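If you want the building blocks of each chain, they are given just below.
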Amino acid sequence: TTVEERGQLVSRIGFTRPDAPLVMWATNTNSFNSPGDGRKTFIARGVSEGKLPEGELAQVLKDEETQFRQHSKAVLELAGRNPEWNFIIKVHPLESVAPYLDLAKGVSNLRVLQDVPIRDLLYHTSVLLQRGCTTATEAWMLGKPVLELDIGTYIMAWAPPEHQNGNEVVRDVDGAEVAIRAFVGGKKVSAEQLSSRESYLRDRYFRVDGRSSERCAEAIDRVLRQGPARIRAVVRAEPAVWGKDEKKRRVCMLKTSLRSLLRFSWRRALSLGDRR
């Protein structure tokens, strides 16, 4: 499958200047900005599945609300300041698109998209804006500049430090504008960021060579050839293997340690209170 030609893609989106720099913001606040009763469902499901305590799930929603409001404001201001750039808001598939459509009303150089393949957009994007999103790693594979929008005050980190280290961290609109302008003007991704990207991609995706689908298909075929008993054994074992690997991640180990420490502190405080 080939990527859609830039001029055709940009014209289809509705921009009149196909050669203008293309700045894309990939949203990922799908728990806060979910349709209907999605926020309540997010907490209820998380509690029932034992993912996080209810208080921490509420903190996730609070962080997403901060990100949604701060980043929306930042992108709108960037588009207003730089009419010579084309801006795209690529809405997460699980998010409600309505708030972003309202945001883009009357802004000639801003478009809101949800169904256009992210692959085509990233291929032609000049700079990607995001926070802790997997779209960053997809952009890395194409050698694209990526901004980590650390705009706002957050309770929880969404990605390990090595993910952030592969991006250009900005903490306000002015910093974002300076960074975008530099990359549009020809600035290259730094050697430090490239090194972090390479290490992260190798650790998470094994080998970025375009052959992963073939390797996965071959692995599935090997299991299927071993019969139903082997298939059932693999299916039963996989969640435990994933969970074991997930717990090894530094951010998960830190969260587990902090949670244990807080629980111990509360229990000790309550115990001392009872003695009094």
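Residues numbered from 1 in each chain as written. Predicted model: local features only at pLDDT ≥ 70, side-chain atom pairs only at ≥ 80, totals over all residues. Heavy atoms only, no water.

Applying the stated criterion across every chain, the model contains 5 aromatic pairs. Ring geometry for F32 against F68: centres 5.5 Å apart, planes inclined by 55°, an arrangement best described as tilted. Of this pair, F32 sits in the loop between β1 (22-26) and α2 (38-48) while F68 sits in helix α3 (residues 54-81); the two residues are 36 residues apart in sequence, bridging distant segments of the chain. Residues W85 and F87 carry aromatic rings whose centres are separated by 6.2 Å and whose planes lie at 45° to one another, so their mutual orientation is tilted. There is no split in this pair, since W85 and F87 are both buried. One cation-aromatic arrangement involves R39 over F32; the distance from NZ or CZ to the ring centre is 4.0 Å. (Phe/Tyr/Trp six-rings, centres within 6.5 Å; stacked < 30°, edge-to-face > 60°. Helix = DSSP H or I, 4+ residues; strand = E, 2+ residues; numbered from the N terminus. Buried < 20%, exposed > 50% of the residue type's maximum accessible area, 1.4 Å probe, protein only. Lys NZ or Arg CZ within 6 Å of the ring centre and 35° of its normal.)

A few words now on the environment of E198. You can see E198 is positioned in helix α9 (residues 191-205). C-alpha of E198 to C-alpha of M141: the two residues are 57 residues apart in sequence and 9.0 Å apart in space.

The final tally for this structure, using the stated rule, is 17 salt bridges. With a closest N to O distance of 2.6 Å, E4 and R12 form a salt bridge. Take E4: its relative accessible area is 14%, and that puts it in the buried class. A salt bridge links D102 to K105; its shortest N-O distance comes to 3.4 Å. Each of E77, R81, E84, D174, E177 and R181 takes part in one network of salt bridges that share partners. (Salt bridge = Lys/Arg side-chain N within 4 Å of Asp/Glu carboxyl O.)

So, about the nonpolar core. Across soluble globular proteins, nonpolar side chains have a tendency to be buried as a group. One finds F87, I89, L129, L147 and I180 to be the most contacted residues of the largest nonpolar core, which totals 37 residues. With residues up to four places along the chain from it excluded, the contact list for I180 reads V23, L78, W85, V127, L129 and L147. Core analysis: the next-biggest nonpolar cluster, separate from the first, contains 19 residues, L22, A26, L128 and V146 among them. (Core = buried A, V, L, I, M, F, W, Y, C linked by side-chain atoms within 4.5 Å. Contact = heavy atoms within 4.5 Å.)

When two helices pack together, their arrangement is given by the angle between the helix axes and the distance between those axes. Between α3 and helix α8 (residues 173-184), the least distance of the axes is 10 Å, while the angle of their chain directions is 50°. With respect to each other, α3 and α8 are oriented oblique. Relative to α8, the crossing made by α3 is right-handed. Each of A74, E77, L78 and R81 in α3 lies in contact with α8, whose residues at this interface are V173, D174, A176, E177 and I180. (Axes fitted to C-alpha atoms, helices over the stretch in contact; angles between N-to-C directions. Parallel < 35°, antiparallel > 145°, perpendicular 65-115°, else oblique. Left-handed = near helix turned anticlockwise from the far one by under 90°.)

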